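Descriptive analysis of the structure
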Amino acid sequence: MTTPILRPRRWLLPQIDSAQVASLAHEARLPHLIAELLTTRGVTSGTEAASFLAPSLDHLLDPYAMHGMTPAVERIERAIARGEPMLIYGDYDVDGTTATVLLKTAIESLGGTVRFHVPHRLREGYGMQSEILANAAAEGIRLVISVDTGIRALAEAEAAAALGLDLIVTDHHLPEAAQGIPQALAVVNPNQPGCPYPCKFLCGAGVAFKLSQALLEKKDPERARTKILPSFLKLLAIATIADAVPLLGENRAIVAIGLRELRRPVGLGLRALMQEARLDTSSRALTATDVAFRIAPRINAAGRMDIASEVVELFTTRDAARAHELAAHLEQLNTERRETEASILEHITAQLAQPEFADARCIVIDGERWHRGVIGIIGSRIVDQTGKPAIIITHENGEAHGSGRSIDGYHLLDAIDSCAHLFSRFGGHAHAVGFSLPSDRVPELRAHLVEHARTRITDDDLAGPLTCHAELPLDQITPDLYSSLRRLEPFGMGNPEPVFIARNVRLAGPVRTIKEKHVRLNLAQGPRGACYSALGWRWAERVAALNLQQDELIHIAYRLRLNEHPEYGGLELEIADLQKPTP
């Protein structure tokens, strides 16, 4: 693998209004540091602070504030009353499969009859397909409800109308700016033009949940609020974390409550999946990190490696043996996914050793029949390891399929759009893209993207700025402060875990290398010599390049951690970055 970039990173600290921080700390009776962190998240009053620090069901917004909700609810209620079968058209990732489960469960609990379709990633690809709609119409379906998809399915909406299907689109993706929204019976999407719904960053399952909430509360508001909706928030929290939407506003309440509810998983499938992930909620509460790295990958593995419809069956089965069988299969698929990634990364490692990649500011690399379900993940791995945008391409029968990931400061979709004539199809956003094109055009694509990046990516872009959140010298760390910081959880997109800066910290012992990849430093600061252990994951090479010596002063950017080991646990630091003081 190419050597990690060792240029000093720029540490960015937010601009703080000291008077505003002091006022919030006084009004809300908060430690100054917590008030400082809250103001950077847009919290400026004691009332807002109380709401932020104590999420509750009362923070769930009125679903009828979302445009299209009333006709959607009325049409589903008519279908239930008439005994009409409905089709939920989902997607193959965590967001799409959990959205399918939530809406299916809600409608069936009200007496409705629901079928579902989750597309196959490789055979069908993303989005609604007219052929599936035609098959549904032939089988007697008259109402189709999309979840986590459909906002750009203009042709498919026309096909549905021609087939005599009523279509309800629920989605969270941005509509096509020029072409507008599909012509459907109802479009439920907070991001459609003119929708007044305050929380614009719900995931697809979040939108499906709001439709479910409207249906359930209309039938029995008390039971919905006290029993059904809190249970739904378990799966919705998983989807919200997995889809990397901002954990602010309503999303914060969803994830905070959902994580609490996950301490008591009732569903057979969820319990079986958590057992496979070796998550024991009897000893500690789950975190967003647990969900992102232990639960979500196992759910996603189904869509990446096989058939995502098994996820829907897992979360809806009432057969314990079948639940364990399905969870074990997801575990197997996740293992296969990791092995497939490792095999492809081995090939890429060999290619990256070639001189042409040393100075390239964008990595464009291709291979034969690499699994399309994992090339996006591999792109992220290459970005992490090289600090450069990465495009991973697989060839299959003369067609090339690619997935790309970018770095801050480089708009990858703009780069792709600058050579749009090469592609059969493409799409994405600033940080991620997907595309296909004839294989014989890949050399031209590589040359164009390498040149495009060369003229637009600077040395500072490659080093990457590190967003920090506050100065916190080591001698100001206390258990009480750590407890206060925990109140800011759950951390995630939009509410990042704080990165603190401590300057002129003394290296109080020799560098310890762990398994040739990681390091542990003993750091001291302050008149009383406050000393903390700092762990750096995959920092061995970078620390060696810094040539750190015992008793040397360094600056550290870090996250605060609690090691719960019974013998040597306690507060410790996780290294985000290290710098030597400028002479």
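Quick summary incoming for the structure in this document. None of these values were measured; they are calculated from a predicted model. (Residues numbered from 1 in each chain as written. Predicted model: local features only at pLDDT ≥ 70, side-chain atom pairs only at ≥ 80, totals over all residues. Heavy atoms only, no water.)

**Brief notes about the layout of surface pockets**
- The volume enclosed by the second largest pocket comes to roughly 760 Å³.
- Around the second largest pocket sit 23 residues that line it, and Thr 105, Ser 231, Phe 232, Gly 267 and Phe 315 are the ones nearest its centre.
- Elements represented by at least two residues in the lining of the second largest pocket include exactly α5 (94-109), α9 (221-242), α11 (268-276) and α13 (309-316).
- A class-by-class count of the residues in the lining of the second largest pocket yields ten nonpolar, seven polar and six charged. (1 Å grid on protein atoms, 1.4 Å probe; cavity = no way out; pocket = protein on both sides within 12 Å on 5 of 7 lines; lining within 4 Å. Points joined across faces, edges and corners; volume = space filled by probe spheres on them. Helix = DSSP H or I, 4+ residues; strand = E, 2+ residues; numbered from the N terminus. Nonpolar A, V, L, I, M, F, W, Y, C, P; charged D, E, K, R; others polar.)

**Overview of the packing of helix α1 (residues 18-28) against helix α2 (residues 32-39)**
- The contact between α1 and α2 brings their axes to 8 Å, and the two run at 120°. Comparing their axes, α2 and α1 come out oblique. By crossing handedness, the relation of α1 to α2 is classed as right-handed. Across the interface between the two elements, Gln 20, Val 21, Leu 24 and Ala 25 of α1 pack against His 32, Ala 35, Glu 36, Leu 38 and Thr 39 of α2.
- Tallied by class, residues from the contact of α1 with α2 come to five nonpolar, three polar and one charged. (Axes fitted to C-alpha atoms, helices over the stretch in contact; angles between N-to-C directions. Parallel < 35°, antiparallel > 145°, perpendicular 65-115°, else oblique. Left-handed = near helix turned anticlockwise from the far one by under 90°. Contact = heavy atoms within 4.5 Å.)

**Some thoughts on the sheet that holds strand β11 (residues 432-438)**
- On the basis of which strands lie adjacent, the open sheet formed by five strands has the order β7-β8-β9-β11-β10 and mixed pairing. Only two strands of the sheet have a single neighbouring strand rather than two, namely β7 (363-368) and β10 (425-428). Between one strand and the next, the sheet's axes are offset by a mean angle of 15°, whatever the strand orientation.
- Sheet topology places β10 next to β11; four bridges connect them, and they run antiparallel. Across the sheet, residue Arg 425 finds its bridge partner in β11, namely Ser 436.
- Running over the sheet, helix α17 (residues 442-454) touches β7, β8 (390-396), β9 (399-405) and β11 and is turned about 165° from β7. (Pairing = 2+ DSSP bridges.)

**Observations regarding the sheet that holds strand β4 (residues 143-147)**
- Read across the open sheet, the five strands follow the order β3-β2-β4-β5-β6; overall the sheet is parallel. Looking at which strands have only one partner, the edges of the open sheet turn out to be β3 (113-117) and β6 (186-188). The sheet shows a mean angle of 20° between the axes of neighbouring strands, direction not considered.
- As paired elements, strand β2 (residues 85-89) and β3 share five bridges and run parallel to each other. The residue bridging Ile 88 from the neighbouring strand is Phe 116, located in β3.

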